[in-house]
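Here is what each chain is made of, one letter per residue.
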Amino acid sequence: MTTHTSTESCLIIQPKDRIITVEDWNGLRSCTYYFWASVKDTFFFVKRLVLSFKHLLQALKTFFTSPIICCFIFMILCGLLNGLSISFAQEFQRQWYRSHPTIHFKEFVLDDLLFSVFSFRDLIGFADKYLGFLVVVMVFRFFLCKGRLIVLRRFVTLMGVMFLMRIICVYMTLLNDPSINYSTATGNPLVESFLISGGIHVSTVDKMFSGHTGSITLTGMFLIYYHDQYPIFHSKRLHYSLSLTFKIIVLLYVACGLCLFTIVRIHYTSDVFVGLILASTIFCLYHSYIPLAQTKNNIFNCILCWIEQDADDIPKIQFIKQEPIQNNTTLLESIEFE
C-alpha cells in the first residue's frame with residue numbers, strides 16, 4: 001500500500017498596528033495637547049536628523065541609501081528626462097514649421113470648449129504659484145505627523161511615474177500652443193532639460209498631457225486620502241467636522257486650478273482631462289497594489305517592499321509552511337483495495 005502526501009502553504013495576514021488612531025477625546029485642551037505633541041515629535045525628528053551628521057561618513061551612507069532619498073533621485077531623473085523630451089519635441093516642432101511656411105505660428109489653434117466658456121487671462125505666473133501653494137500646504141500638513149516620510153516618499157515616487165508617462169505623451173503628440181508664450185528653449189537639449197525642468201526656460205510643446213493638472217490632482221488626492229489616516233486632532237467630533245470642511249476646500253481648490261489652466265491657455269481641455277484621469281489612476285493603482293507586493297517574489301515587488309518597509313498601513317504577510325498531510329482520496333482508495 002502506497003500513500004501520497006501533499007505539502008501546502010498557509011498565508012497569514014497580520015495587520016500592523018496603526019501609529020495614529022482617532023480616539024474619543026473631548027475638549028479643546030486634549031486636542032491642543034495632541035497637536036503640540038505632533039509638533040514636538042516633528043522637532044525631535046529634525047533634531048535627530050541634524051545630530052546624525054556628527055558622524056559624517058556614516059550619516060552620508062545612511063542618507064543616500066534611505067528609500068526617501070532614492071525616491072527623490074528617481075523623481076529628479078524622471079523630471080530631467082521629461083525636460084529632455086520636451087527640448088527634442090520643441091526642435092521637432094521648429095522643423096515642422098520650417099517645412100510648412102504657409103502655416104503661421106500662433107494662428108493655428110485647435111477649437112476648445114472651455115476656451116469659448118472662459119475668456120483669456122494672462123496669469124501664467126500665477127498658475128505656477130497656485131500649484132506650488134497646494135504642494136507647500138501638503139508638505140507642511142503631513143510634516144507635522146509621524147507618517148511624514150511615508151506620505152512624502154509615495155508622493156515623490158508617483159510624481160516620478162507621472163514624469164515618465166509625460167516623456168512619451170509630450171513627444172508623441174505635438175499640439176499647437178494656444179497661449180501667448182514663445183519658446184525660449186533654443187540651446188543644447190541636455191542644457192535645456194535642466195532649464196526647462198527648473199522653470200527657467202519656457203516651451204510651447206508641453207501640452208499632452210497637462211503636467212500642472214497631474215501635479216495638482218495628485219497633491220489633492222494625497223491631502224484627502226491621508227488626512228484621515230494622520231489626523232491633526234484626536235477628538236472625533238472636531239476631527240470629522242474639520243475633515244469634511246478640509247476635503248471640500250481641497251476639492252474646490254483643485255477644481256478652480258483645472259479651470260485656471262485653461263483660462264491662461266497653457267493647456268487644452270483634453271490635456272487637462274487626460275492629466276486628471278492619469279493622476280487618479282496612478283494614485284489608485286499604487287495604493288491598491290502595495291499591500292499585495294509581498295505576495296510575489298520579483299524584482300519590482302522587492303523594490304516596492306524596500307521602499308515601503310516602514311509603512312504602518314500595509315499588513316504584514318507571513319507564509320507558514322504546513323506539515324505534510326495525507327491525501328484523503330489516496331487513503332480511501334488504499335482502504336478499499338485492502
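Position numbers for residues start from 1 in each chain and track the written sequence from start to end. Whole-chain, interface and lining totals are the exception, using all residues; otherwise, since this is a predicted model, local features are given only for residues with pLDDT of at least 70 and side-chain atom pairs are given and counted only at 80 or more. Here the side-chain values reflect all heavy atoms present in the structure, with hydrogen atoms and water set aside.

### Overview of the UniProt feature "transmembrane region" (unreviewed entry) in the protein
We count it as follows: UniProt positions are given in the numbering used here, feature names are shortened, and annotations may be inferred rather than shown by experiment. The way it works is that DSSP assigns letters per residue, a run of H or I at least four long becomes a helix, a run of E at least two long becomes a strand, and they are numbered from the N terminus.
Per the UniProt record, "transmembrane region" (unreviewed entry) is found at residues 63–89, 123–143, 155–174, 209–227, 248–266 and 272–290. Helix makes up 90% of residues 155–174 and strand 0%, and the two end C-alpha atoms of the span are 28 Å apart.

### Quick word on the pattern of salt bridges
The line we're drawing: Each salt bridge in this description consists of a side-chain nitrogen of Lys or Arg and a carboxyl oxygen of Asp or Glu lying within 4 Å of one another. Accessibility here uses a 1.4 Å probe with only protein chains present; expressed as a share of the type maximum, an area under 20% marks a residue as buried, one over 50% as exposed, and anything in between as partly exposed.
Following the criterion strictly, the structure yields six salt bridges and no others. In this structure, Glu91 and Arg94 form a salt bridge, with 3.2 Å as the shortest nitrogen-oxygen distance. Here the residue Glu91 and the residue Arg94 both occupy positions in helix H3 (residues 67–99), the gap between them amounting to three residues, near one helical turn. We note a salt bridge from Asp310 to Arg153, for which the minimum N-O separation is 2.8 Å. In this pair, Asp310 sits in the loop between helix H11 (299–307) and strand S3 (316–321) while Arg153 sits in helix H6 (residues 148–172), placing the two residues 157 residues apart along the sequence. Asp310 gets classed as partly exposed once you look at its relative accessible area, which sits at 40%. Residues joined by salt bridges that share partners form a network here, namely Arg153, Arg154, Glu308 and Asp310.

### Comments concerning the side chain of Asp312
The cut-off we apply is this: Polar contacts, as used here, are pairs of N or O atoms within 3.5 Å; protein pairs need one atom able to donate a hydrogen and one able to accept it. Residues neighboring in sequence count only if both atoms are side-chain atoms.
Residue placement: Asp312 occurs in the loop between H11 and S3. There is a polar contact of 2.7 Å between the side chain of Asp312 and the side chain of Tyr230.

### Some thoughts on the nonpolar core
We count it as follows: We call a set of buried residues a nonpolar core when its members are Ala, Val, Leu, Ile, Met, Phe, Trp, Tyr or Cys and they connect through side-chain atoms within 4.5 Å of each other. Here, two residues are considered to be in contact whenever any of their heavy atoms come within 4.5 Å of each other.
If you look at the biggest cluster of nonpolar residues, it comprises 48 residues, and the most contacted ones within it are Phe142, Leu158, Ile216, Leu218 and Phe222. Looking at this core, the elements with two or more residues in it are H3, helix H5 (124–143), H6, helix H8 (211–229), helix H9 (236–263), helix H10 (269–289) and H11. With residues near it in sequence (within four places) discarded, Phe142 still touches Arg148, Val151, Phe222, Leu223, Tyr226 and His227. In terms of nonpolar packing, the next biggest core, distinct from the first, is built from six residues, Ile86, Ala185, Ile196 and Val205 among them.

### Details of the packing of aromatic side chains
Note the cut-off: Here is the rule: rings of Phe, Tyr and Trp (six-membered ring for Trp) pair when centre to centre is within 6.5 Å. Planes less than 30 degrees apart are stacked, more than 60 are edge-to-face, and the remainder are tilted. A ring is scored as having a charge over it whenever the NZ atom of a lysine or the CZ atom of an arginine sits within 6 Å of its centre and within 35 degrees of its normal.
Counting across every chain of the model gives 13 aromatic pairs. Judged by centre distance (4.1 Å) and plane angle (5°), the ring pair of Tyr130 and Tyr253 falls under stacked. Of this pair, Tyr130 sits in helix H5 while Tyr253 sits in helix H9, and the two are 123 residues apart along the sequence. The same class applies to Tyr130 and to Tyr253, which are both buried. Note that Arg265 overlies the ring of Phe115, its terminal NZ or CZ placed 4.3 Å from the centroid.

### Notes on H8
We count it as follows: Expected span, for any helix, means 1.5 Å times one less than how many residues it has.
Across its 19 residues, H8 extends 27 Å between first and last C-alpha, which sits within 8% of the 27 Å expected from 1.5 Å per residue. Of all 19 residues that make up H8, 15 are buried, and the element is covered over most of its length.

### A look at a nonpolar patch on the surface
Note the following rule: Patch membership requires more than 30% relative accessible area and the absence of a salt bridge. Residues of like charge join within 9 Å; the nonpolar side chains Val, Leu, Ile, Met, Phe, Trp and Tyr join within 5 Å. We get accessible surface area from the Shrake-Rupley algorithm with a probe of 1.4 Å; when it comes to residues, only the shown protein chains can shield them.
A cluster of nonpolar side chains, namely Phe88, Phe92, Ile168, Tyr171 and Met172, defines an oily patch on the protein surface of about 560 Å² accessible area. Of all elements in the fold, only H3 and H6 reach the threshold of two or more residues within the nonpolar patch. Per-element tally for the nonpolar patch: the top contributor is H6, with three residues. Within the fold, Ile168 resides in helix H6.

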